[in-house]
Amino acid sequence: MGNSSSRGRSKPGQSHGSKVAPSSSAGEQSQQKTFKWSIDGFSSLLDKDAGWTYSRVFEAMGHNWYLKLNPRDKKSNDSKEYVSLMLELANRSVKSDTVVDASFKLLIYDQSFGKQSKHEVSHSFQTASTSSGTSCMISLGKLKKQSSKFLLNNCCVFGVEFIKVTTLKANTTSETLFVQKPSIFNEAKTYTWDIDDFFALKNPGYSPDFEVSGYKWHIIMYPSRDGNHLSLYLKLKKTNDLPKDTANLVELTLSIKDQETGKHKKGTGRCQFAKNARTWGWSKFISLEDFKNSANGYLVKTKCCVVAEVAIVGSSKME
């Protein structure tokens, strides 16, 4: 893959010595499937600074496009120079509410034998991705070889052949996440749930409610779930004042205390709580074998202790 940076970038329509194949009319041009781009004086282009050279904008398959060429592209961990060719959707054809799905072949022509070096590509062109992102590459050394006839009389011919172009309405949901700076207002609050008789706990068992940042929460424990594991979750009880399209970013740590040595079993996450996602945690928090092993100190006779550290550190909004 070549580097598609715009260093040394010339403006579209100002490529050195380029010749664009003529067309008969705008209506016919719109349905054209092939565009050829001849670079006459290719050696002069090689003498210029490295970077991308653009064809003039052309119309094909109902959209405006241009090709861009880098004759001295590099691959990572490779000292060779390559000729890279990419297709780009012109700005006038880019609309925020549409996606242009295109299948096409990028071509470098062997001018003596009528052959081409082809690279078939499929790409979804949209506002965030107007370039095909894939280069049709041939080593500069191979292109310059007399036997290849890619370079003939100091002229190279490149092109694109469209296979299929479909324009679709974009169906996108976006989210903006606002992360707060640490302050006294979003410090983590700690709640401790002491369980006197683990074996009497329902499946699931619920801790008493506790409050953090104006919301009520509780810990949910499944003493036996998902095979031979203990499950542990934090749940937001009510979200009446939380609009449907918003969520709270929560930093949470759930721990089962090691009552003997202080080496607690912890799970830590940073996740979003919303009306449709009020519970987060771990279905396989700890194996029952490890939990009940007296040497670990998690269960002492029938007693265990679960700790929740909760802080709201941000918010998000869907659009």
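Rules behind the numbers
- Residues numbered from 1 in each chain as written.
- Predicted model: local features only at pLDDT ≥ 70, side-chain atom pairs only at ≥ 80, totals over all residues.
- Heavy atoms only, no water.
- Helix = DSSP H or I, 4+ residues; strand = E, 2+ residues; numbered from the N terminus.
- Buried < 20%, exposed > 50% of the residue type's maximum accessible area, 1.4 Å probe, protein only.
- Contact = heavy atoms within 4.5 Å.
- Areas by Shrake-Rupley, 256 points an atom, 1.4 Å probe, with all protein chains shown as cover.
- Phe/Tyr/Trp six-rings, centres within 6.5 Å; stacked < 30°, edge-to-face > 60°.
- Lys NZ or Arg CZ within 6 Å of the ring centre and 35° of its normal.
- Core = buried A, V, L, I, M, F, W, Y, C linked by side-chain atoms within 4.5 Å.
- Salt bridge = Lys/Arg side-chain N within 4 Å of Asp/Glu carboxyl O.

The name that an unreviewed UniProt entry assigns to the protein chain is MATH domain-containing protein, with the source organism given as Urochloa decumbens.

1. With respect to the overall build of the protein chain
Counting secondary structure elements, the protein chain contains 4 helices and 20 strands. Across the 319 residues that make up the protein chain, the buried fraction comes to 42%. Expressed as a percentage of contacts within the protein chain between residues at least 6 apart in sequence, the contacts between residues at least 24 apart total 65%. On the protein chain, roughly 17400 Å² of surface is accessible, and the fraction owed to carbon and sulfur atoms is 45%.

2. Observations regarding the packing of aromatic side chains
Per the stated rule, a full pass over the model turns up 13 aromatic pairs. Their ring planes at 80° and their centres at 5.2 Å tell us that W65 and F125 sit as a pair that is edge-to-face. Here the residue W65 occupies a position in strand 5 (residues 63-74), and F125 occupies one in strand 8 (residues 115-125), the gap between them amounting to 60 residues. Per residue, the accessibility class of W65 equals that of F125, and both read buried. Arranged with centres 6.2 Å apart and planes meeting at 40°, the rings of F104 and F125 form a pair that is tilted. Taken together, the residues F104 in strand 7 (residues 98-110) and F125 in strand 8 connect sequence positions 21 residues apart. Under the relative-accessibility criterion, F104 is labelled buried at 0%. Seen from the ring of Y82, K75 lies directly overhead, with NZ or CZ sitting 4.5 Å from the centre.

3. A word on the environment of K235
Relative to the elements of secondary structure, K235 occurs in strand 16 (residues 229-236). Each C-alpha atom of the pair K235 and I220 lies 7.1 Å from the other, and the pair is 15 residues apart in sequence. Aside from chain neighbours lying at most four places away, what touches K235 is K216, W217, H218, I220, R278 and T279.

4. A closer look at the nonpolar core
Judged by nonpolar contacts, the single largest core of 33 residues is most densely connected at F42, W65, L87 and F162. Of all hydrophobic cores here, the second largest spans 32 residues; its members include V212, Y215, L288 and I312.

5. Thoughts on the side chain of D110
The residue D110 is located in strand 7 in this model. With relative accessibility at 10%, the residue D110 sits in the buried group. In this structure, D110 is in contact with K115, Q116, S148, K149 and F150, ignoring residues within four places of it in sequence.

6. Observations regarding the pattern of salt bridges
With the rule as written, the count across this model stands at 6 salt bridges. Among the ionic pairs, E88 bridges to K68, the shortest N-O distance being 2.9 Å. In this pair, E88 is assigned in strand 6 (residues 81-89) and K68 in strand 5, connecting sequence segments 20 residues apart. The class for K68 is buried, based on a relative accessible area of 5%. The closest approach of N and O atoms between R270 and E251, which form a salt bridge, is 3.1 Å.

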